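Here are the chains, one letter per residue:
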Amino acid sequence: YANADIALAPDLLDAAARLRRLPAFLALGRRLDVPNGGGAPRLHGEWGLDWFLFPRDMRWEMPPFAVGRPGWDNWLVWRARDLGLAVVDATDVITAAHVEHGYGHVPEASGDAWEGPEADRNRELMGGKERRYSILDATHVMDADGIRRALSPPHLRRRTSRALESVPVLSRFARALRFGPRRRQ
């Protein structure tokens, strides 16, 4: 799957062949944002996911999201993790480009609500912020050398943060340490 405004390079085919060795997976990656008026492309942030690669027979049991609007992509990463799939960050081996554009095509978009009512509905369908996963929730990374566990500092910080959020006692303890009164020295 790729959003209509994403161009994928031929390196996708080699990566897809390598991914077939996994029993079940969801591959994803960050895109390169290409400025409309020229300039250097830059890597998009961890939350916007615009393309996915997965076996054809996957049954996601997806709520009726407005695909292409915010939230459905983050839910899909959560769902893959929930199903126990390998979630593979293939940013380093699959080139995806996106030419920057406006959002005049979004119905009823304005001001802070530039994403429109479809995005609001998607957030409801997601089932809460605990199902809002990013590329840092990947279990594996793929590079020229192969596929390995995602153990980079950002991946580990994300796992720690998720673990603290999921255990109420730890969550309260972490908040107390972060935001509690500071000791005098």
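Residues numbered from 1 in each chain as written. Predicted model: local features only at pLDDT ≥ 70, side-chain atom pairs only at ≥ 80, totals over all residues. Heavy atoms only, no water.

K.L.:
I'm lost on a nonpolar patch on the surface in this one. Help?
P.N.:
Together, Tyr1, Met62 and Val67 make up a nonpolar patch on the protein surface, roughly 250 Å² of accessible area in all. Within the secondary structure, Met62 is located in the loop between strand E5 (52–53) and helix H2 (72–82). Using a relative accessible area of 31% as the deciding quantity, one classes Met62 as partly exposed. (Patch = residues over 30% accessible without salt bridge, like charges linked within 9 Å, V, L, I, M, F, W, Y side chains within 5 Å. Areas by Shrake-Rupley, 256 points an atom, 1.4 Å probe, with all protein chains shown as cover. Salt bridge = Lys/Arg side-chain N within 4 Å of Asp/Glu carboxyl O. Helix = DSSP H or I, 4+ residues; strand = E, 2+ residues; numbered from the N terminus. Buried < 20%, exposed > 50% of the residue type's maximum accessible area, 1.4 Å probe, protein only.)

K.L.:
Looking at this structure, how should I read the confidence of the model for the chain?
P.N.:
Detailed reading of the predicted coordinates is not advisable wherever pLDDT falls low. For the chain, per-residue confidence averages 86 on the pLDDT scale, and 85% of positions sit at 70 or higher. In this model residues 180–185 is a low-confidence stretch, pLDDT under 50, and it forms one contact with partners more than four residues away in sequence or in other chains. (pLDDT = per-residue confidence, 0-100. Contact = heavy atoms within 4.5 Å.)

K.L.:
Even after reading the chapter, I still don't get the pairing of strand E8 (residues 140–143), so can you show me in this structure?
P.N.:
Side-chain direction in a regular strand flips from residue to residue, so the side chains alternate between the two faces of the sheet. A two-sided burial pattern is seen for E8, the buried positions comprising His140 and Met142 on one face and Val141 and Asp143 on the other. Summarising the sheet, strand E6 (residues 86–89) and E8 pair through two bridges and their orientation is parallel. Its bridge partner being in E8, Asp89 is matched across the sheet by Val141. Sheet topology places E8 next to strand E9 (residues 146–149); four bridges connect them, and they run antiparallel. (Pairing = 2+ DSSP bridges.)

K.L.:
Can you help me understand the pattern of salt bridges in this one?
P.N.:
Tallied over the full model, the rule gives 11 salt bridges. Put simply, Asp50 and Arg31 hold a salt bridge, and the shortest N to O gap is 2.5 Å. One end of the pair, Asp50, is in the loop between strand E4 (42–43) and E5; the other, Arg31, is in the loop between strand E2 (25–28) and strand E3 (32–34), with 19 residues separating them in the sequence. The partner of Arg79 in a salt bridge is Asp82, and the shortest N-O contact between them spans 3.1 Å. Here Arg79 pairs with Asp82, and both are found in helix H2, just three residues apart, close to one helical turn.

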